[in-house]
Amino acid sequence: MIRRIKLPDLYQAPGYHHATIADATQFVFLSGQSPLNARGNLIGAGNLRAQTRQVARNIATALAAVGATAEDVVHTVIYVASADHGDLAEVSLMLRESAVAAAFSSASTLLGVAQLGHPGQLVEVDVTAALT
């Protein structure tokens, strides 16, 4: 069972919950899902939207491979290589409207960072899921 809670004494952020409580027998910690395809090629170098779409596809693929769904996700960390708040908001919105949107209703953190692992990479997402 997974419970998502908005805490009344904290800012009521749209789209995600402050805390997620999971009764689970196993947890799945995905490595950072980046905008690489199955061949290891970066998709959409420098293109925020193309990379976000690829990251969402990779999250769905990785979750399915371990027997989980977006609804099983209990925590995400979204990294965007940008200091522009608009870029961070765009990535967050795209993910919350993607096929894995449910993953981003749990406890979530959105960070602007200086650089990610591959030249031209702009987006990466860490995902933790609970399996019962």
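Look a little higher up for the structure.
Calculation notes
Residues numbered from 1 in each chain as written. Predicted model: local features only at pLDDT ≥ 70, side-chain atom pairs only at ≥ 80, totals over all residues. Heavy atoms only, no water. Phe/Tyr/Trp six-rings, centres within 6.5 Å; stacked < 30°, edge-to-face > 60°. Buried < 20%, exposed > 50% of the residue type's maximum accessible area, 1.4 Å probe, protein only. Salt bridge = Lys/Arg side-chain N within 4 Å of Asp/Glu carboxyl O. Helix = DSSP H or I, 4+ residues; strand = E, 2+ residues; numbered from the N terminus.

(A) Geometry of the packing of aromatic side chains. Using the criterion set out here, one finds one aromatic pair in the structure. Look at Phe27 and Phe29: their rings are 6.4 Å apart centre to centre, the planes differ by 35 degrees, and that puts the pair in the tilted class. Owing to a relative accessible area of 43%, Phe27 belongs among the partly exposed residues under this scheme. Residue class for Phe29 comes out exposed when judged on its relative accessible area of 62%.

(B) Structural detail: the pattern of salt bridges. The final tally for this structure, using the stated rule, is one salt bridge. In this structure, the salt-bridge partner of Arg49 is Glu90, at a minimum N-O distance of 3.0 Å. Of this pair, Arg49 sits in helix α1 (residues 48-65) while Glu90 sits in helix α2 (residues 85-96), and the two are 41 residues apart along the sequence. For Arg49, a relative accessible area of 41% corresponds to the partly exposed category. Residue Glu90 is classed as partly exposed on the basis of its relative accessible area of 26%.

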